[in-house]
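Summary of the model geometry
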Amino acid sequence: MPDTTSRPARPARVRGTETVAGDAGALARPPGTRVRGRGGILVPVAAVAAAVAVLLLGLRAGDALAVAIPGLPDPGPVTAWALPVVRLLADALATLTVGMLVTAAFLLPGDGRSVSAYGWLLLRRAGAAAAGWAVASAALIVLTVSDLLGVPVDRLGVATVVSFATSISQGQALLLQAGLALAVAVLARAGVSRGLAAGAALIALVGVLPPAFTGHAAGAGNHQIAVSSLALHVLAAALWVGGLVALLMVRRSRQLADAADRYGRLALGCFVAVAVSGSANAAVRLGDVDQLWQSRYGWLVLGKLAALAVLGALGAWHRSRTLPALHAGRRGAFARLAAGEVVVFAATVGLAVALSRSPTPVTQDPLDADPITELLGFPMPAAPTPERLLGQPLPDLFFLTLAVLGVGGYLAGVWRLHRAGHRWPPARTASWLAGVLLLAAVTNLGVARYAYVLFSAHMVQHMVLSMLVPILLVGGAPVTLALRALRRPTDPQVRGAREWLLLALHSRPAKLLTHPLVALGIYAGSLFGLYLSDLLGTLMRSHLGHLAMLTHFVLAGYLLFWVLIGVDPGRPRLAHPLLVIIHLASMMAHGFFGLVLMQTTTLIAPDWYVAVHPDWASSLMEDQRLGAGIAWAFGEIPAAVVLVVLVRQWVRADRREQDRLDRAADRADASGEPDDLARYNAFLAAAGRADSAAPGGSATPAGSAGSATPAGSAGPAGPAGSAAPGDGRAGARGPD
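As the structure is a prediction and not an experimental result, all values here were calculated from the model. (Residues numbered from 1 in each chain as written. Predicted model: local features only at pLDDT ≥ 70, side-chain atom pairs only at ≥ 80, totals over all residues. Heavy atoms only, no water.)

Now for the packing of helix 18 (residues 455-475) against helix 27 (residues 620-634). Here helix 18 crosses helix 27 at 20°, and the two axes come no closer than 8 Å. The orientation of helix 18 relative to helix 27 falls into the category roughly parallel. Helix-helix and strand crossings are classified by hand; for helix 18 and helix 27 the assignment is right-handed. Across the interface between the two elements, Phe 455, Ser 456, Met 459, Val 460, Met 463, Val 464 and Leu 468 of helix 18 pack against Asp 623, Gln 624, Leu 626, Gly 627, Ala 628, Ile 630, Ala 631 and Phe 634 of helix 27. (Axes fitted to C-alpha atoms, helices over the stretch in contact; angles between N-to-C directions. Helix = DSSP H or I, 4+ residues; strand = E, 2+ residues; numbered from the N terminus. Parallel < 35°, antiparallel > 145°, perpendicular 65-115°, else oblique. Left-handed = near helix turned anticlockwise from the far one by under 90°. Contact = heavy atoms within 4.5 Å.)

Here we come to the nonpolar core. Core analysis: the largest hydrophobic core is formed by 159 residues, its most contacted members being Trp 240, Tyr 531 and Leu 536. Apart from the residues lying within four places of it in its own chain, the contact partners of Leu 536 are Phe 455, His 458, Leu 530, Tyr 531, Met 549, Ile 604, Ala 605 and Tyr 609. Judged by nonpolar contacts, the second largest core, of eight residues, contains Ala 282, Leu 286, Leu 292 and Leu 300. (Core = buried A, V, L, I, M, F, W, Y, C linked by side-chain atoms within 4.5 Å. Buried < 20%, exposed > 50% of the residue type's maximum accessible area, 1.4 Å probe, protein only.)

On average, residues of the protein chain score 81 in pLDDT, and 82% of them reach the 70 mark or higher. For the protein chain, per-element mean pLDDT is lowest for strand 1 (residues 12-13), which scores 37, and highest for helix 16 (residues 426-444), which scores 95. The low-confidence segment residues 1-37, where pLDDT is below 50, has 68 contacts with residues more than four positions distant or belonging to other chains. Segment residues 697-736: pLDDT under 50, and 47 contacts once partners within four positions in sequence are set aside and those in other chains are kept. (pLDDT = per-residue confidence, 0-100.)

Per the stated rule, a full pass over the model turns up three salt bridges. Taking the shortest distance from any N to any O, the salt bridge between Asp 607 and Arg 541 comes out at 3.9 Å. Here the residue Asp 607 occupies a position in helix 26 (residues 606-612), and Arg 541 occupies one in the loop between helix 23 (535-540) and helix 24 (543-565), the gap between them amounting to 66 residues. By relative accessible area, which is 44% here, Arg 541 ends up partly exposed. (Salt bridge = Lys/Arg side-chain N within 4 Å of Asp/Glu carboxyl O.)

Looking now at helix 3 (residues 117-149). Look at helix 3: 49 Å from first C-alpha to last across 33 residues, which is about the 48 Å you get at 1.5 Å a residue. After helix 3 finishes, the residue Gly 150 shows a positive phi value of roughly 70°. (Expected span 1.5 Å × (residues − 1).)

Bringing the packing of aromatic side chains into the picture now. To describe a pair of aromatic rings, you give the distance between the ring centres and the angle between the ring planes. Scanning all chains against the criterion turns up 14 aromatic pairs. For the ring pair Phe 455 and Tyr 531, a centre distance of 5.8 Å and an interplane angle of 85° mean the geometry is edge-to-face. Remark: Tyr 531 occurs in helix 22 (residues 516-531) and Phe 455 occurs in helix 18; sequence separation between them is 76 residues. Aromatic rings pair up to connect Phe 455, Phe 528, Tyr 531, Phe 592, Phe 593 and Tyr 609 into one cluster. Directly above the ring of Trp 317 sits Arg 321, whose terminal nitrogen or CZ lies 4.7 Å from the centroid. Across the ring face of Trp 424, the terminal group of Arg 428 is positioned such that the distance to the ring centre comes to 5.1 Å. (Phe/Tyr/Trp six-rings, centres within 6.5 Å; stacked < 30°, edge-to-face > 60°. Lys NZ or Arg CZ within 6 Å of the ring centre and 35° of its normal.)

Here it is as structure tokens:
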């Protein structure tokens, strides 16, 4: 378990090294880690200067510092200048926090269960950066409400700020970010275990996302692409930039070369993600290609594209020149190039903040705004036809990214096994690919449009995501493939993806979630909790909530069917009759849920479906009853398939057990020694003779054979289905 209580003692300074004593053991800190030369000071100064300079130039070039119009509310110069600067500070501290925690937990080798000495150093610095990040996010709440209301900061009331932070989406996002940053600051100083560092890193990654779901992206048309692409863009950029800065902080480590190799693979993926997500987001914001050179916003986008090209060239230089030199013991070239890359990164972050403050070319007259487009991100679709349900795609970059990673990662694992001479069942590959493609289709094709405006279409999407997709994904056995295909690190102190996967499979949360009753409760409880409360309408109004809802459908179904019919390691091994009972209970819960929906006379999520109800559709209640009928009838075929698979696995398990007993009997016959089954039969025969010899023929109590038990026998714990005393071996084995 992660060490969340022990705190390492204050380091004692010793000539040559510094040691840190804690419950996790003594950690040696390499000499000179607290000493900065001219390079250690020059790089941060140059990075800050580049970020601020580019930020100011970008604000001026993007018309983000417009002159106040007389008669209109004006927040004043303090807010106008402080808001982008504090935004830049918050983004920089968030990036540093993510990079240091990810490097300490995943890139550097550890010291047993604890992080290494340099990992300890990064944890402490990450805690300080996260505390500053929390303060900056809190300051952004005040500055943002000042900017929106056009009221100077010194005239804002506490009630106004609190109301903004608790009831407006932008304020809620900043408040959530501040809370997550504060949690990271506490966790980073709560212990030195690698599990704790990994948990803090994951929380920090989540913490960079909330502002991405508000602002320009959330208010843009087609926000399915705008919001998801911005979230992916921010996440990849934080990993890319923060990881490089963290490597510079540990540039004196002897494990720098191996850590840089692992970072290189991560950086390449981040580069691709940043390029794709940034291009998709810019396309939504610009509207037309010619706006790249005809608008000031487009000029800033071109600047970011140029910076991305420079960073890609520097990364290629790293992989071809400096990393081989680093492995040869020459660190100077890597440090110098990485320092220059950090300065370019800092300037790019400043440009990104200026871009977020600049008006986009895609403008809309508030008097002509379409309320449906404001809610959905797209106009009201026409009446559904098969062509429109399968055509008119509604791309969502979140699910498209999951589909690409799922297909690419799975096929890469199969190919690695094939090259090693191992066979992977084609049926499993086909099942996984079908599940991923079905997931992509139901979340990106035309049916996804109608799922926003029709309860019946939403129910179709729900049933497919919670039943068909999980059954196909479970059939692909992805955990088994990952454990066989992933390579073990050469350094035993490094935890690779395989080691983290094994830890997750055997963790207490995994054991809790995979308990049959828990998995069944999550699956069935989400049905009633979502549709018999006001939760559905709340989630439909937010793109983040909508993504969370659809993701929950897949995960809840995957968890249940993984417990029932999965073949991966880590799932609880239960008797097949018990699994059949659990499956029948899930079928009953699903059928009862459909029956409840069919009988109800109350509209579900009326605030949402009344607002988006199309003119060509039937009444809300008729559409709801149609959706209830779909929910009631849809589960029959998938449930029957699962039942068939369960029975087939049951028969095969019994056949394997019978084959095992036959092999044991054959070995015993060949060696001339009785096997466990023969000894058990002899025990039963002796017990029968003792019963017949007893006065009055009284039976001997079960388990009290006494001296009748032959020496070395297995006792009464024989195989189920044994025959009566005195029967031969064939009869004692039970039915075939």
